[in-house]
Structures are given as structure tokens and as C-alpha cells.
Protein chains: 2
Amino acid sequence: MELIFLGTSSGSPTKSRNVSGLALRKAGAKPWILVDCGEGTQHRLLHTSLSLNRLQAICITHVHGDHCYGLPGLLASAAMSRRSAPLTIIGPAALQDWVNATQEATHLTLCYPLHFIDVATLTERQERVAVEGFNISALPLSHRVPSFGYEFVETGQPQKLDVEKLKADKIEPGPLWGRLQRGERVTLANGGVIDGRDYLLALRAPRKIIICGDNDNPALLAERVGSANVLVHEATFTRVIANKLGAGPQHSSAMSIAQFAAQASVANLILTHFSPRYKDGGPGISIRDIEQEARAHYGGNLFLARDLEVFHLDRAGELSRTEHGPPPSRG
Amino acid sequence: MELIFLGTSSGSPTKSRNVSGLALRKAGAKPWILVDCGEGTQHRLLHTSLSLNRLQAICITHVHGDHCYGLPGLLASAAMSRRSAPLTIIGPAALQDWVNATQEATHLTLCYPLHFIDVATLTERQERVAVEGFNISALPLSHRVPSFGYEFVETGQPQKLDVEKLKADKIEPGPLWGRLQRGERVTLANGGVIDGRDYLLALRAPRKIIICGDNDNPALLAERVGSANVLVHEATFTRVIANKLGAGPQHSSAMSIAQFAAQASVANLILTHFSPRYKDGGPGISIRDIEQEARAHYGGNLFLARDLEVFHLDRAGELSRTEHGPPPSRG
């Protein structure tokens, strides 16, 4: 599985970091999912191999502009590239009205259907949305406006026949086993009918990634994060700045998310959504301050995302940074 | 006067060209005006000396997304940079509703007032909007949706006393002349009252720049363009591609705008808004094809704009390209 960071700045873009956008796909696969779509997300995509024609779903964490103002332009460009497949958008219900209002005001006609799913309803009903390669579910977070995290569980992993169970049920080896392995229903010689899906074992547990929107209360993730391989979470401020700003912004500090991740035994933690006041280099406060604060409280596998970086989660659950996207100097 | 191109692609951004955006200011001055605001305009501004706090007015030529989808993010970032001065937006009325809908859906609170002016009304009433340094008026063009050109006439140029007229009116030299030069009303020894503004001559004619939105009928500019120093106009396609696409898109070809500019004796012509199919280099059709076609029909001072290029119009009306913005390779 791959994570491709398209934007890692909070609020406003900087020269080297765009506002929020994060792509998820199975390694080497064409279909992909977008989490958040800040202004300029489509510009970042031009520097990746991701195609708007293979985008399966867009998950928006909350309505703040730095997480959704890139939506109209991305939808328009998908239409210009002659996309015809339906596109699922999961997000706050207000976004559907906004997209409709945008289409009307700007005479934007899309040549493919949009399928909106209200993330609040999805969360309340504890439902999952299946797209190619993943099941998507959501969980509520805490922010100035309703904000959500998305959980992506891979589907379609290879399976093998449960030979022990077949033997216990006295089903002898033969051509029938091949049909059971394909998940078919089979009629036995004795007239009984069995379902192949009852005799299949996953070769490994499905991998799971949780990607969160803005959130000042990491403890809300406690129940879900234990089984996740990766947690992507905001760390907008260091503790000093967070304390200075007070409770108003409702963001996490590096310390608060790191402490939670340590307590919850999160295996891989990627921090993102950094306030533009933290620079990538030079004098003054920098992203390194956020990193140092997080490392002081969390001893696991920690990364601070940069734009256009690609992370690879292998089948054993090991996360590694596979590409260093040098901060773009212009544009 | 300076023109700073922020985006020169039509429809969708490319790696080297953003969608429409163009800044205008007096050379070296802080106040500036923005014409069109495609997605990513605020990102481009990060690579200029233009400040959102000194933006006087935004003029939107028409409602298509590649000319306005950057508006919400730019307004939000101006708020985050603590702008307090009112901001004038001139454009189609539908944009005001869209900005309102966007503010509501995305909980965007601006800490400065927006002052909307409907460009259609402005045009019908032949009114001007005065901002620092310029008078702005508009004229209707021809496109799939109502589209407009904006005319910027400089104000505040130095003036001198009309000595001939003073002598003819028998107003003798003295301290009174100083007051007249400041444009004051003055009572004469004989009891008569005269107005200094009646005795002032501009040291030179005000410079005038016309910047157009999408338009398939350059002849609509005939009445206004004669007195302009610079015309900025779209040349979306070469004639071959324009013919292939038919009348539907309602854009100008390089040939059609060049022929018009030649007939109308336009002194300086800057072309922009190029279809992404024209590349900046490499094999296949390129921006050079548009340039060659335009040069074949127009012998004046011709430029094809690139992103982040700065054009300088001097007091004698000479236009020159003062900075070559190398196309950004990433981001």
C-alpha cells in the first residue's frame, strides 16, 4: 500500500507545502483514493503518476477550505480529461450543496456521475463503503466543525483453502477443492451443499490505515487505532505555540498526538498539517521543532510528511519512506 | 505600470502554467489589482512581491472555473494574514452568491469587508470604479457565458499649471499660482472665484491597459482599443485546432486576434490563455505554433506570456518584458 502526500501545510500554502491532500493506493495499482482536496491538489497530481480517470473516491475530513477548496477544479479537470466513471465523494453533507452551487454558478457540467455519501450518516450507522481494493469507514473527531477520520482496510488479498476444516468435514481432495477455492457453492455426492467461502482463510490479516482530519482529541481514536498499521494525524503546532493560542483552534500539538500514539502502541505514525509558521529550513521555528517534540514522547516509527513524499506499507506491516520529494522551489 | 502574469493556461493547469490570473500595479508601488483568480493564484503570489494586504480590487472576467476557483482560498488566506481593509470584487453577479455560499458551507469568516460590483451593471451604465492609482471600467465580450474585458486607466499622474490660460485670463504670477497648482478653489482680488483644476494640464496622457476575458469576437474591442497602450487577450488555439473544434468553445485563434490587432493598430499585444495541448518544449504542437501564427498576421510589439513574467510599460508607452520567469519544474 502506498501513501502519497500532496499537501502537508495547514490553513494556507507555503512555497514548499500545499494545503491538505493525501493519495492512497495499492502499490503499483492504478485505482486510488484521495483524502482531502485543498486548493492546488490537482496541481500536485501533475507531479505524480496518479490519473484523475482512475480516482475511485474522495474522502473529505471536514468543511474547512484548506481541505476542500481544490474540489471544484479537480472535478472540472477530470471532466476535461473525459472521465466517464462515477466518482464517490464521502464528506460532510454541506459539501454536496456547495458543489451543486459551484456547478450552477460557474456553469460546470460534469460528464460523469457524482455519488455523494454523508460521512456523518456513515459514521452513525457504522457502515463501510467498498471501492476497488479497500473498504472505507469513518469515525468522528473533535474540531471547530464536525471532523472525521477515515479507516481504509484492504480487500481482495489472496486466500487459501482451510485444509484442516475440509478434512474435519470429510471433504476429500479432488476437482471439487478447486471450485471451493474459487468461492463457489458446490453440491456434494451426498446431496449436501457447501459454500467455498466457508472454507477460505486469508493468507494474512488485511492491512489498515487510519487518516484523520483536524482533531484536538486523539483519545477518540483509542478503540480503532490498535489494529491499524499506520496512523496519519495532524500536528499543527508545538506545545508552546498551542498553549499560546489557547483552545480556540482545536488542533493537536506534536506532544499530544505523540503521547497518545505511545500509549496506544501505534506502530507507524505520520504527522502532517503543519502551521506555516514552522519553516523547512533557515532561522526561526521549524518543522524540526515539531519532530523533536514528537520524538520526545513517542518511540515508534515516526515520520513528518513532506509534499510529494511516497510511503510504502509492505505486507509485513513495515512502513518506509520510498521517495523524498524535494520541496518545490517555485510554483 | 507593471503586469505580472500568474497563470497563462486555459481550462486546466500544466506543470509550467497555471490557470488565469494577472496582477497589475504601478511600477514599484505596493497597491495592486488582480484580474481573474484561477485555482492556485495564491500559490503563484508566494513567488512575487505582491501582498494580499495591499490588494485593491479583484476583477473577474467571467464565471468559468479556470478564472475564479482560486477566489475562496485567496480570500481565506487574506483573512489569515489579518487583512482589515475592504476589498472590491468586480465580476458577474453570480459570483457574489457563490462566494456567500462558499463562506456558509465552509465556515469561512472574513475579517474585512467585501464590496461586490456587478460588472454587467458597470458596463451598462458606463461607470468607472476608482481604486488607488487606477480607474477601472469594463466592456462586454463574446463567449459561452457573459464575459468582459477590463480597462485600466492610470490616475494621479503629475500635472502642471496651464500658464498660457492663466495669462489669457490675466491671473498674475504669485502665491496664488501655488494654490491653483494644488487644485484649490481661490478667490481673486476682484472677488471672482476660480478652480485650480481648471488650470491644470496633465504632463502626459494617462496610460491605459485593456485586459480581456475569453472572447471569440475581437472586433468588440474596436472602439476602445485605439487609445490603449497594451491589449492582453486570449489566443487559446491555433487556427487549425480552432477550426477542428468548431464554434462551440467560442475562443479566439492566434490568427483572429492578431488580424484584429493589426487592423486596429494595437501598439503592444500580449497573448495568454493557451490550451494545455500546446507544450512549452519537446515534440508535438507547441506555444511556438501560436506565436508563429500571430506574428504572420501582426507586425506590432507581440509577446506570448509565461507564468511569473513581469512586463513593464514605461511613461512613453513602451512595453518590455523585464523578467523571464522560468517555468517552475515542480509544484
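Residues numbered from 1 in each chain as written. Chains lettered and ligands numbered in written order. Predicted model: local features only at pLDDT ≥ 70, side-chain atom pairs only at ≥ 80, totals over all residues. Heavy atoms only, no water.

Student: Which residues make up the nonpolar core, and what values do they have?
Tutor: Formed by 66 residues in total, the largest nonpolar core has its most connected members in A:Ile58, A:Leu75, B:Ile58 and B:Leu75. Sequence-distant contacts of B:Leu75, that is, excluding residues within four places in its chain, are made with B:Ile58, B:Leu87, B:Ile89, B:Val99, B:Leu110, B:Tyr112 and B:Leu114. (Core = buried A, V, L, I, M, F, W, Y, C linked by side-chain atoms within 4.5 Å. Buried < 20%, exposed > 50% of the residue type's maximum accessible area, 1.4 Å probe, protein only. Contact = heavy atoms within 4.5 Å.)

Student: Give me the interface of chain B and chain A: which residues, what numbers.
Tutor: Reports of interface size often rely on the accessible area that becomes lost once the parts have come together. Opposite the 43 residues of chain B that make contact, chain A presents 43 residues. For the interface between chain B and chain A, the tally reads zero salt bridges. Counting across the chain B and chain A interface gives 14 residue pairs in polar contact (both at pLDDT 80 or more). The set of elements that each furnish at least two residues to the side of chain B that touches chain A consists of helix 1 (41–45), helix 2 (71–80) and helix 3 (93–105) of chain B. The element that contributes the greatest number of residues to the side of chain B that touches chain A is helix 2 of chain B, accounting for six residues. Looking at the side of chain B that touches chain A residue by residue, the classes come out as 18 nonpolar, 21 polar and four charged. (Salt bridge = Lys/Arg side-chain N within 4 Å of Asp/Glu carboxyl O. Polar contact = N/O pair within 3.5 Å; in protein donor to acceptor, adjacent residues only side chain to side chain. Helix = DSSP H or I, 4+ residues; strand = E, 2+ residues; numbered from the N terminus. Nonpolar A, V, L, I, M, F, W, Y, C, P; charged D, E, K, R; others polar.)

Student: So what's going on with the sheet that holds strand 14 (residues 208–212) of chain B? Residues and values would help.
Tutor: Residues and elements named next belong to chain B. If you trace the seven strands from one edge of the open sheet to the other, you get 7-8-9-14-15-16-17, paired in mixed fashion. The sheet is open, and its two edges are formed by strand 7 (129–131) and strand 17 (301–304), each paired on a single side. Adjacent strand axes in the sheet meet at a mean angle of 20 degrees, parallel and antiparallel pairs treated alike. Sheet analysis places strand 7 next to strand 8 (residues 134–140), joined by three bridges and oriented antiparallel. The partner of Val-129 across the bridge, within strand 8, is Ile-136. Where helix 9 (residues 254–263) meets the sheet, its contacts fall on strand 15 (230–234) and strand 16 (268–272), and the angle it forms with strand 15 comes to roughly 160 degrees. Sitting on the sheet, helix 10 (residues 287–297) is in contact with strand 16 and strand 17, with an inclination near 165 degrees to strand 17. (Pairing = 2+ DSSP bridges. Axes fitted to C-alpha atoms, helices over the stretch in contact; angles between N-to-C directions.)

Student: Go over helix 10 of chain B with me, naming the residues and quoting the values.
Tutor: All names here are of chain B. Listed in full, the buried residues belonging to helix 10 are Ile-287, Ile-290, Glu-293 and Ala-294. The buried residues of helix 10 occupy an angular sector of 130 degrees when the element is viewed end-on, so they sit on one face. Turned more than 90 degrees off the buried face of helix 10, the exposed positions are Arg-288, Gln-292 and Ala-296. Residues of helix 10 that are buried in the fold lie against helix 8 (239–245), helix 9, strand 16 and strand 17. Between the side-chain oxygen of the N-cap and the backbone nitrogen of Arg-288 there are 3.0 Å, and the N-cap of helix 10 in question is Ser-286. (Arc of directions from axis to C-beta.)

Student: Mind laying out the packing of aromatic side chains, listing which residues take part and the relevant values?
Tutor: Residue and element names in this part refer to chain A. Applying the stated criterion across every chain, the model contains eight aromatic pairs over all chains. Pairing Tyr-69 with Trp-98 gives two aromatic rings, centres 5.9 Å apart and planes at 45 degrees, and the pair type is tilted. In this pair, Tyr-69 sits in the loop between strand 4 (55–59) and helix 2 (71–80) while Trp-98 sits in helix 3 (residues 93–105), placing the two residues 29 residues apart along the sequence. Comparing Tyr-69 with Trp-98, the two get one shared label, buried. Ring centres 6.4 Å apart and planes at 35 degrees place the aromatic pair Tyr-150 and Phe-152 in the tilted group. (Phe/Tyr/Trp six-rings, centres within 6.5 Å; stacked < 30°, edge-to-face > 60°.)

Student: Just give me the short version of the domain arrangement of chain A, but keep the residues and values in it.
Tutor: Segmentation of chain A into domains returns domain 1 (2–157 + 204–323) and domain 2 (159–200). For domain 1 of chain A versus domain 2 of chain A, the distance between C-alpha centres works out to 42 Å. (Domains from an automatic or database assignment.)

Student: Which residues make up the UniProt feature "binding site: Zn(2+) 2" (unreviewed entry) in chain A, and what values do they have?
Tutor: Residue and element names in this part refer to chain A. This chain's UniProt record puts "binding site: Zn(2+) 2" (unreviewed entry) on Asp-66, His-67, Asp-214 and His-273. These residues run over 208 residues, yet every pair of their C-alpha atoms falls within 10.8 Å of each other. With respect to the helices, strands and loops of the structure, Asp-66 is situated in the loop between strand 4 and helix 2. Take Asp-66: its relative accessible area is 12%, and that puts it in the buried class. Not counting the four nearest positions on each side in its chain, Asp-66 is found in contact with Ser-10, Gly-11, Val-19, Ser-20, Gly-38 and His-273. A polar side-chain atom of Asp-66 sits 2.8 Å from the main-chain amide nitrogen of Gly-11. Within the secondary structure, His-273 sits in the loop between strand 16 (268–272) and helix 10 (287–297). Among residues more than four places away in sequence, those in contact with His-273 are Thr-8, Ser-9, Ser-10, Ser-20, Asp-66, His-67, Asp-214, Glu-234, Ala-235, Thr-236 and His-251. Polar contacts involving the side chain of His-273 include one to the side chain of His-67, which spans 3.2 Å. (UniProt positions renumbered as here; feature names shortened; annotations may be inferred.)

Student: Help me get a handle on the pairing of strand 15 of chain B, residues and values and all.
Tutor: Within a regular strand, the side chains alternate between the two sheet faces. Residue and element names in this part refer to chain B. Across the five residues of strand 15, five count as buried, placing the element largely inside the fold. Burial along strand 15 is two-sided: the face carrying Val-230, Val-232 and Glu-234 and the face carrying Leu-231 and His-233 are both buried. As judged from the three bridges shared by strand 14 and strand 15, these two strands associate in the parallel manner. The residue of strand 15 that forms the bridge with Ile-210 is Leu-231. As paired strands, strand 15 and strand 16 are joined by four bridges and run parallel to one another. Bridge pairing in strand 16 links His-233 to Leu-271.

Student: Tell me about helix 3 of chain B, and please be specific about residues and values.
Tutor: Every α-helical turn comprises 3.6 residues, leaving residues that sit three or four positions apart pointing alike. In a regular helix each residue adds 1.5 Å, so 13 residues correspond to 18 Å; helix 3 of chain B covers 19 Å between its end C-alpha atoms and thus fits that length. All of the buried residues in helix 3 of chain B are B:Leu95, B:Trp98, B:Val99, B:Thr102 and B:Ala105. Taken end-on, helix 3 of chain B shows its buried residues confined to a sector of 135 degrees, consistent with a single buried face. Summarising the geometry of helix 3 of chain B, the exposed residues directed more than 90 degrees from the buried face are B:Asp97 and B:Glu104. On its buried face, helix 3 of chain B is in contact with helix 3 of chain A together with helix 2 and strand 6 (114–118) of chain B. Directly beyond the C-terminal end of helix 3 of chain B, a positive phi value near 50 degrees is found at B:His107. (Expected span 1.5 Å × (residues − 1).)

Student: I'd love a proper account of the sheet that holds strand 7 (residues 129–131) of chain A, names of residues and values included.
Tutor: Residue and element names in this part refer to chain A. The strand order across the open sheet built from seven strands is 7-8-9-14-15-16-17, with neighbouring strands paired in mixed fashion. One side of each edge strand has no neighbouring strand; the edge strands of this open sheet are strand 7 and strand 17 (301–304). Averaged over all adjacent pairs, the angle separating strand axes in this sheet is 20 degrees, with direction ignored. As judged from the four bridges shared by strand 16 and strand 17, these two strands associate in the parallel manner. By the bridge assignment, Leu-271 is partnered in strand 17 with Leu-304. Each of strand 15 (230–234) and strand 16 touches helix 9 (residues 254–263); the most contacted strand, strand 15, lies at about 160 degrees to it.

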